[in-house]
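# Observations on chain architecture
Chain by chain, the residues:
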Amino acid sequence: MSAIGYAEAPAPVRADIVAAHDRAWRRIARPGTWHSGETRVRIAAETRNARSCRLCAARKEALSPNSVAGEHDSLGALPEILVEAIHRIATDPGRLTRSWYRGLLDDGLADTEYVETVGVVCTTISVDTFARAMGTDPLPLPEPMAGEPIRLRPASASQGAAWVPWIAPGDAADDELDMFGPEHANIHRAMSLVPAEARGFFDLVETQYLQRHQMRDFDREFRAITHAQIELIAGRISAINQCVY
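It should be emphasised that the depicted structure is a prediction, and the values quoted were computed from it without experimental measurement. (Residues numbered from 1 in each chain as written. Predicted model: local features only at pLDDT ≥ 70, side-chain atom pairs only at ≥ 80, totals over all residues. Heavy atoms only, no water.)

### Some thoughts on helix α5 (residues 98–106)
Rules: Buried, partly exposed and exposed residues are distinguished by accessible area as a fraction of the type maximum, computed with a 1.4 Å probe on protein chains only: under 20%, between the cut-offs, and over 50%, respectively. Strands are runs of DSSP state E lasting at least 2 residues, helices are runs of H or I lasting at least 4, and numbering of each runs from the N terminus. Arc definition: directions from the helix axis to the C-beta atoms. Any pair of residues with heavy atoms lying within 4.5 Å of one another is described as a contacting pair.
For α5, every residue scored as buried is listed here: Trp100, Tyr101, Leu104 and Leu105. Viewed end-on, α5 has its buried residues packed into an arc of 145°, placing them on one side of the element. Facing away from the buried side of α5 by over 90 degrees, the exposed positions are Ser99 and Asp106. The secondary structure elements touched by the buried residues of α5 are α4 (80–91) and α6 (111–134). Just beyond α5, the residue with positive phi is Gly108, at close to 110°.

Here it is as C-alpha cells:
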C-alpha cells in the first residue's frame, strides 16, 4: 500500500496525523474480526457512495426516514442489508432507532458485523472529513489484504444499557481494563463487542483530538488552539450532526 501524504494541502499537516491516517487505512485494508479485508474496503467505498444516494437524500428531507421507501443507489458490491446499515449510519445517524437496529438483526446482519461496520464507516468519514477540511481530494482507498477474519467474540461482552452487547465496566478482563474498565467513559466501550475496532478508531480519535491524559490537563495546551476552543468547535459540530451523547 502506498504511503499516505498530504503534499497538496494548503497548510502543513502534523506528522502524527499523517501516521494515524496511514494506520487507519491499513486497518481498513486488513481482515478484521468479522469482515474480510475486501469487505472492509467495500464498506469504506460504500460509505463514500452514500453521499450521492437519492434514497438517502429523500429520507433526510422527510419528517421520518421510514416514510420513504425505495432502493439505495449502491455500488452493488455488498448485500443490501449491509448497504442499508452503511447508508443510514453515514447520512442520517441522528435518527437511528433501536427498532431499526433490531430490524437489521432480524434480516440477518449479526450484531458483531454491525459494530465492525460502524467502526469502518466512522473511520472513513473521519479521514475523508479531514481531507475536505484541508481542501484536498479524499485519499485513495487501500487495496484489501488477503486473509480470514478472526471471528472472536469477547467472552466478557453482554447485553446491557446499549443497543449492542458491550463489555460493561465491571466485566472487563485484565487485557480489557486499559480501554473498557470502570474509569473509562461509555463512548470508549460503545464498540467493545469488537475490541480491535474500538481500539483502532480511538487511536485515530486521540490523534485528531486529544490523548486521554491531555483532555483533563487544563494547565497545559497541546494544540494550536485551547481546550475551550476545541470544545466549542466540538460542541457546535455535535449539535449540527444531532449527536446526543
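Once the structure has been displayed, the description carries forward.
### Comments concerning the pattern of salt bridges
As a reminder, the rule being used: Here a salt bridge means any side-chain nitrogen of Lys or Arg lying within 4 Å of a carboxyl oxygen belonging to Asp or Glu.
Applying the stated rule across the entire model yields 18 salt bridges. Of the charged contacts in the structure, one is a salt bridge between Arg42 and Glu38, with a shortest N-O distance of 3.1 Å. Of this pair, Arg42 and Glu38 both sit in helix α2 (residues 37–49), 4 residues apart, which is roughly one turn of that helix. The exposure class of Arg42 is partly exposed, given its relative accessible area of 35%. Residue classification places Glu38 among the partly exposed residues on the basis of a relative accessible area of 43%.

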